[in-house]
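So you can see what is in the structure, the chains are spelled out below.
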Amino acid sequence: MLIVYSKAMVPAALALAILNTSAFGEAATNQIQVVYEAPKERDLEIVYKDMKERRVLERLQEFLSPFKLPRPLKFTFQSCDGEDDAFYFDYDVTLCYELVDELQWAKPRKTTEDGLTPHDAVAGPFFSIALHEFAHAVFDLYNVPIFGREEDAADQLAAYIILLLDKTIASRLIRGTAYEFLTESKEEKSESTIAYASEHGTAEQRYYNVLCLAFGADPKRFSSLKSKNILPEERADACQDEFEQIEDAYKAVILPHVDQALAEKVWGKLEVRTN
Ligand SMILES: [Zn+2]
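Just so it is clear, the structure is predicted and the values come from calculations on it, not from any experiment.

### Quick look at helix H11 (residues 239-254)
Inference 1: Spanning 16 residues, H11 covers 21 Å between terminal C-alpha atoms, matching the ideal 22 Å at 1.5 Å per step.
Inference 2: All buried positions along H11 are accounted for by Cys239, Phe243, Val253 and Ile254. Buried residues of H11, seen end-on, are gathered within an arc of 115 degrees and therefore sit on one face of the element. Exposed residues lying more than 90 degrees from the buried face of H11 are Asp241, Glu244, Gln245 and Asp248.

### Some words on the packing of helix H6 (residues 150-163) against helix H8 (residues 203-217)
Inference 1: At their nearest, the axes of H6 and H8 sit 10 Å apart, and the two run at 40 degrees to each other. Taken as a pair, H6 and H8 cross one another with a handedness that is right-handed. Listed contacts from H8 to Asp155, Gln156, Ala159, Tyr160 and Leu163 of H6 are Arg206, Asn209, Val210, Leu213, Ala214 and Ala217.
Inference 2: A per-class count over the contact of H6 with H8 returns seven nonpolar, two polar and two charged.

### Some words on the sheet that holds strand E4 (residues 92-96)
Inference 1: The sheet built from four strands is open, its strands ordered E1-E2-E4-E3 with mixed pairing. In the strand order of this sheet, the two ends are held by strand E1 (32-36) and strand E3 (86-89), each with one partner. Direction aside, neighbouring strands of the sheet carry axes that sit 15 degrees apart on average.
Inference 2: As paired elements, strand E2 (residues 73-78) and E4 share five bridges and run parallel to each other. For Phe77, the partnering residue across the bridge sits in E4 and is Leu95.
Inference 3: Here helix H3 (residues 56-64) sits on the sheet and contacts E1 and E2; the angle it forms with E1, its principal contact strand, is near 170 degrees.

Scoring rules and cut-offs
- Residues numbered from 1 in each chain as written.
- Predicted model: local features only at pLDDT ≥ 70, side-chain atom pairs only at ≥ 80, totals over all residues.
- Helix = DSSP H or I, 4+ residues; strand = E, 2+ residues; numbered from the N terminus.
- Expected span 1.5 Å × (residues − 1).
- Buried ≥ 20, exposed ≤ 12 C-beta atoms within 10 Å, placed from the backbone.
- Arc of directions from axis to C-beta.
- Axes fitted to C-alpha atoms, helices over the stretch in contact; angles between N-to-C directions.
- Left-handed = near helix turned anticlockwise from the far one by under 90°.
- Contact = placed C-beta atoms within 7 Å.
- Nonpolar A, V, L, I, M, F, W, Y, C, P; charged D, E, K, R; others polar.
- Pairing = 2+ DSSP bridges.

Next up, the structure:
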């Protein structure tokens, strides 16, 4: 399967300067470690078994293997005392079983009128969230300086990585992600202004942001976002510039750390279930 994966290079001197910022020595591929902890709550057993059987973390491990990291990075599935959360701290990414449980609960019961499958409504946001946490990790590991909110930058890097993939798969993952933000925004509305206090954008903003990046990456494929006025024209017209800004940042600070031959191999064979 062919993938859309830019081979654009950064100047060698810049790449070397970036690679040398690591405090951990030699960077290497295949640095992702994965752990499934048994959940404390019995009602999460089913999620735990499902994730293990589907080898979700192993697939994530393979997907992230092309990133040359200066030290191992661990992804742990665990129960989080009822919080449907995911977070990065100190070279550990935690993914909560409650998060998957919540996504399963919020998914549409059948394929929606605009073609979003129940599967994509779970896989899209789960993958986006895992990549968002991975983004926090690489900002830390590569000492990436960030203007603006790190949460926005993490969302942007996650969406950008998805948009490097096969177009059909990228489109399904982005639509699933947008669905989750829209669902979350309805909950936020009932919580008055508290969502504005978050270090994250509001779910509604994140919804428009991810759609804007998709439209900016491929205005033809995502043309209905503008023609159906899902993305207002004033925003849509700026999305190619927004996408290019993120692409420039990716090429400058992330791409030098990616084993491109491995990325083409691993990301090219990514498959997402169709039901
Ligand atoms: Zn975050």
